[in-house]
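Residue-level structural notes
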Amino acid sequence: MQKFKKFILIGLVIALTFSLVLPQQAFAGLIPGPFDYFEMISENVEEVASPIMSRIITIFTFYGLGLVALHASAAILDNVISAQPTWLTLDNNMVQEGWHFTAGLANMLMILILIFIAIQIILKVETFASKKTLTKLFLVAFLLNFSLLFINLILDVTDVFYDSILNSVKSFSTQEGAIFANLIDVLTGGSSSVARNFATLIGGWAASSLVPGLGATRQFIISSLFIVSYLPLIINWLIEAVFFFLLSAMFAVLIFVFSARVYIIQILAILSPLAFICLILPQTEKYWKQWLNTLIEWSICGIFFLFLLALMCAGINYLMPPNIGNSWIAAIPFLSWKGIGAQVVFYFSAFIFLFVILSVGKKTIPSMTQGLINMATNIGKTMWTSGLKPLGKTTRENFLEGTAKSKTMEKWATLPTPELKGAKKLLSPFAIPAYATARRIGQTLGPGALDAQKKKIAEAQKKSEGIQDPNLELSKYLDAMARGDTTNAIGIANDMIKKGGPFKNKIIKELQRPDEKNPDLIKATALAKNANDLGDAPSAERIARAALSSKVSKENREKILGEMGFKLNNDDIAKGYKTTFEKLVAEAKNDDIKIFNKDIWNDPEVIKTVKERWNGSQLSQAAKEFSNEFTESFNKSIQEDLKKIKTLPDPQAEETFKTYVRQNPRISRYLETSAAQEIGLGSIYAGAPDHVKEKYDKKGGIRAILAEPSSEERMAQKKGKDEENKYRFDIQ
Amino acid sequence: MAEYTKEQLLKIYEKLPPELQDAVFSEETANNIFDICSKNEIEGSKMSEIAKYVGRVLMGLLPPEEFQATLELELNLDSKTAKNVARDINAFIFIPLKPFLAKLYNKVSEGEEKTEEEKFLGEEEMEKQKLEERKKEDTYREPIE
């Protein structure tokens, strides 16, 4: 018994010790209390309702802002339109003072012109019809002092039309004095619809928050009745908000047009005496016409736009679908879906209606306003196209755009691996891959980050420009590669290739070294791939051109280029490119040619591409850069071709030679008359078979051959003639 | 007309100013010669010969004023055609390069007057020697302390 007690005591001590030392485990009972269930339900409901609610608030805010923008722009436009006749007056100080100044100037100029004409008549050195000009001069002398009256006359005529249209626009309005009250009522669904929207959201929200227990009920309603009750409302708000903003933008353009109209006409009035002076001389008459056209355009544009607005105010009522009944129905679950289709159709129809009006208006308005309307219609077009795009695609693009804009991704994409010193060096096996992964994530997720990468490559290249020692620059390149800092490495490699000479040789040697992991590939593979991944195709091409000399076998070359991320697209295949390398050689221009490794000219495939694809400019660039190394291989190849042609029987030799010349006419032409005949770029025709020379020499040699139709062209012509004759025969 | 090997010509080419180097290989020069030859209906095999002499002018081996005579003598072009070709080539190729050609031919004529010793030593070495001789002759020069 004693022993038993001892065991219990020891057991208790151990249990107590462990219960104090070890962490306590949470106890989850099988039968929780009744309130736990409510709490659990409340938490779950909140989890579902909370994100939905936050979206609803965002969209509603957007809707509210649209509504404010529409009302504000409509009110401003209303004021600008109504005040036009008052603003557009020529009696104000600015116009009067300005006009008196220019009129004085014009009168002085007129005297000078009069003296000029008089001298011409006296000296009998008339360069233009002086007498006719003299008549014009007297006419203008009279008119220019009445130029303000002339403009007032035009404005009075336009005012008559303007006022009558303005009155008709006002007659459509439901509110006295407010031109666009009716238009806005129709578009916003009227005050009842706005009240419903605010009541549904803000009112419901406030009420549910005030009454205890209703908050949870509200959340329950949101999460369970989201689709049947809130979704149609949200769709409605979204469409309306977009439309409100579009209309506000259109109103903003019109505010600008109407305001600018006042000042432009006033400035034209100030300049009118000088414009009249321009009427005198034939050389300056065009300026008068220009002035008159601008004046008429700006005077009429007000009437025209007002007329379009009148059309809009009158027409919008007829677009309203009759089945959009009581807007409060839309707040009732299930019934809210009623009429949503008609609502969508209405807004799209209204949008098209406004778009058509803007497009018609564009044809008849001053060029300055055309620019603004072009901008507005382009925004409209974009909205239209985006609206039709599949939802999934849009969402995906939005997601990508979002990540692209992310500053974090941009930062990650260019994150350098820090230099680890001392004890921290022990961390390098983990740090280098970690930083490389971060960079890769940044590069993949952020297209915006790609620009940052390209910028960094350019910066690294610029920074390396000052390095005078090729060994030092190479060591910097190797260091960047070891740290996995490819952007820096690409920049340094670019600079070394560009510098040429020992710099180029050193980097090429490094780039051509076999890759340790895959001996079939070379060191340049990863670097060019990185450049391609970063969207820096020029750098990738530069590296590939520099590294792929004849030392790399043909099969391996294509494999390497594939690994680097180069491939032929449909256009390339249509151009007849068989390999990526062929394209790389054929499309090398100016400075790209300097990049090639000199060994490349020993490759017959490369020389073949040069003969078939290059032009004189490319040839001259290669000859200048590589001198004998290029010209000898090139000439040797041409001489071999010509030698083969000469071994053929005469007629065949002639045809083959002509085909050879025509295969690349630009090169044949260039070589024939290149001033470098004696230093490597000589004539093809000089190596032609003798009988060909005899035949074509008097006709102009290569000139005549190039001008002649080829055998294929002759065949095609013959076929065409045969068809024509056959047709004639059929008619007969 | 003196004959040169390709290697000699390449050495001469390498010493040319960059503007003339560009002109020798330029596609524009070639196109101009082609058009001028076409306009003057030059025979096929003579086109590349004309281009060769243009190259020689650009390399400082044939003075531009002797170009027309060379065409007549070496290519048997009649006087009128040679004159027309020379005039057009002058207008389109030589005149735009006039400052460089003038400098090149002045240098060439100066070079012809150089003594054998000067040619052997080169310009820089000769300048140094002349400077030292002048120093020796200058008896009024104050001694440098």
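Residues numbered from 1 in each chain as written. Chains lettered and ligands numbered in written order. Predicted model: local features only at pLDDT ≥ 70, side-chain atom pairs only at ≥ 80, totals over all residues.

Let's talk about the overall build of chain A
Counting its regular elements, chain A contains 33 helices and zero strands. Within chain A, the fraction of its 732 residues that count as buried is 30%. In chain A, of all internal contacts separated by at least 6 residues, the share reaching a separation of at least 24 is 74%. (Helix = DSSP H or I, 4+ residues; strand = E, 2+ residues; numbered from the N terminus. Buried ≥ 20, exposed ≤ 12 C-beta atoms within 10 Å, placed from the backbone. Contact = placed C-beta atoms within 7 Å.)

Here we look at the overall build of chain B
Along the backbone of chain B there are nine helices and zero strands. Its helices and strands in sequence order give chain B the pattern α-α-α-α-α-α-α-α-α, from N to C terminus. With 145 residues in all, chain B has 30% of them scored as buried. Taking all contacts inside chain B whose residues are at least 6 apart in sequence as the whole, residues at least 24 apart take part in 59%.

Structural notes on the interface of chain B and chain A
Residue-level contacts link 27 residues of chain B with 29 residues of chain A. At the level of secondary structure, the elements contributing two or more residues to the side of chain B that touches chain A comprise helix 1 (6-14), helix 2 (18-25), helix 3 (27-39) and helix 4 (44-58) of chain B. Broken down by element, the residue count for the side of chain B that touches chain A peaks at nine residues, all from helix 4 of chain B. Each residue belonging to the side of chain B that touches chain A can be placed in one class, and the counts come to 14 nonpolar, eight polar and five charged. (Nonpolar A, V, L, I, M, F, W, Y, C, P; charged D, E, K, R; others polar.)

Describing unusual backbone geometry
Trans peptide bonds make up most of the peptide bonds, and negative phi angles are found at most residues other than glycine. The residue Ser-627 of chain A is not glycine, and still its phi comes out positive at about 45 degrees. By the secondary structure assignment, Ser-627 of chain A is in the loop between helix 27 (616-626) and helix 28 (628-646). Overall, Ser-627 of chain A belongs to the partly exposed group, with 16 C-beta atoms counted inside 10 Å. For Asn-76 of chain B, which is not glycine, the phi dihedral falls at a positive 55 degrees. Tracing the backbone shows Asn-76 of chain B in the loop between helix 5 (67-75) and helix 6 (79-94). Take Asn-76 of chain B: there are 10 C-beta atoms within 10 Å of it, and that puts it in the exposed class.

Considering the packing of helix 28 of chain A against helix 29 (residues 650-663) of chain A
All names here are of chain A. Put simply, helix 28 and helix 29 touch, their axes get as near as 9 Å, and they point 155 degrees apart. In terms of axis orientation, helix 28 runs roughly antiparallel to helix 29. Contacts from Asp-641, Ile-645 and Lys-646 in helix 28 reach Ala-653, Thr-656, Phe-657 and Tyr-660 in helix 29. Of the residues belonging to the contact of helix 28 with helix 29, the class tally is four nonpolar, one polar and two charged. (Axes fitted to C-alpha atoms, helices over the stretch in contact; angles between N-to-C directions. Parallel < 35°, antiparallel > 145°, perpendicular 65-115°, else oblique.)

Quick word on the environment of Leu-306 of chain A
Residues and elements named next belong to chain A. On the secondary structure map, Leu-306 appears in helix 10 (residues 285-319). Overall, the presence of 23 C-beta atoms within 10 Å leaves Leu-306 in the buried class. Not counting chain neighbours up to four residues away, the residues in contact with Leu-306 comprise Ile-81, Tyr-162, Ile-165, Leu-166 and Val-169.

Examining the nonpolar core
The biggest cluster of nonpolar side chains holds 101 residues, and the ones touching the most others in it are Ala-493, Ile-543 and Ala-544 of chain A together with Ile-50 and Val-54 of chain B. Broken down by element, this core gets its largest block of residues, seven residues, from helix 4 of chain B. Those residues within four positions of Ala-544 of chain A in sequence are excluded, and the remaining contacts are Ala-524, Ala-528, Leu-561, Met-564, Phe-566 and Leu-584 of chain A. Among the nonpolar cores identified, the runner-up in size contains 57 residues, and Leu-67, Leu-144, Phe-251 and Trp-298 of chain A belong to it. (Core = buried A, V, L, I, M, F, W, Y, C linked by C-beta atoms within 7 Å.)

Remarks on the packing of helix 30 (residues 665-673) of chain A against helix 3 of chain B
Two numbers describe how helix 30 of chain A lies on helix 3 of chain B: the axes approach to 8 Å, and their chain directions differ by 80 degrees. The angle between helix 30 of chain A and helix 3 of chain B places the two elements in the roughly perpendicular class. Contacts from Arg-669, Tyr-670, Glu-672 and Thr-673 of chain A of helix 30 of chain A reach helix 3 of chain B at Glu-27, Ala-30, Ile-33, Phe-34 and Cys-37 of chain B. Looking at the contact of helix 30 of chain A with helix 3 of chain B residue by residue, the class counts come to five nonpolar, one polar and three charged.

Considering the confidence of the model for chain A
The predicted model of chain A averages 75 in pLDDT, with 66% of residues at 70 or higher. For chain A, helix 13 (residues 391-405) of chain A is the element with the lowest average pLDDT, namely 43, and helix 30 of chain A is the one with the highest, namely 91. (pLDDT = per-residue confidence, 0-100.)

Re helix 19 (residues 501-511) of chain A
Three or more residues of helix 19 of chain A are buried, namely Phe-503, Ile-507, Ile-508 and Leu-511 of chain A. For helix 19 of chain A, the arc enclosing every buried residue in end-on projection is 125 degrees, short of the 170-degree limit, so these residues lie on one face. (Arc of directions from axis to C-beta.)

A look at the confidence of the model for chain B
All names here are of chain B. On average, chain B scores 81 in pLDDT, and the residues at 70 or more come to 72%. Confidence drops under a pLDDT of 50 for residues 114-123, and excluding neighbours within four residues, the segment shows three contacts in the predicted structure. The ipTM for the predicted assembly is 0.76, set against a pTM of 0.47.

Regarding the environment of Ser-79 of chain B
Mapped onto the secondary structure, Ser-79 of chain B falls in helix 6. Ser-79 of chain B gets classed as exposed once you count the C-beta atoms within 10 Å, which come to 11.

Considerations on the environment of Lys-611 of chain A
Residues and elements named next belong to chain A. Looking at where Lys-611 falls in the secondary structure, it is placed in helix 26 (residues 604-613). Along the chain, Lys-611 and Gln-663 lie 52 residues apart, while their C-alpha atoms are 8.7 Å from each other. Not counting the four nearest positions on each side in its chain, Lys-611 is found in contact with Ser-637, Asn-664 and Ile-667.

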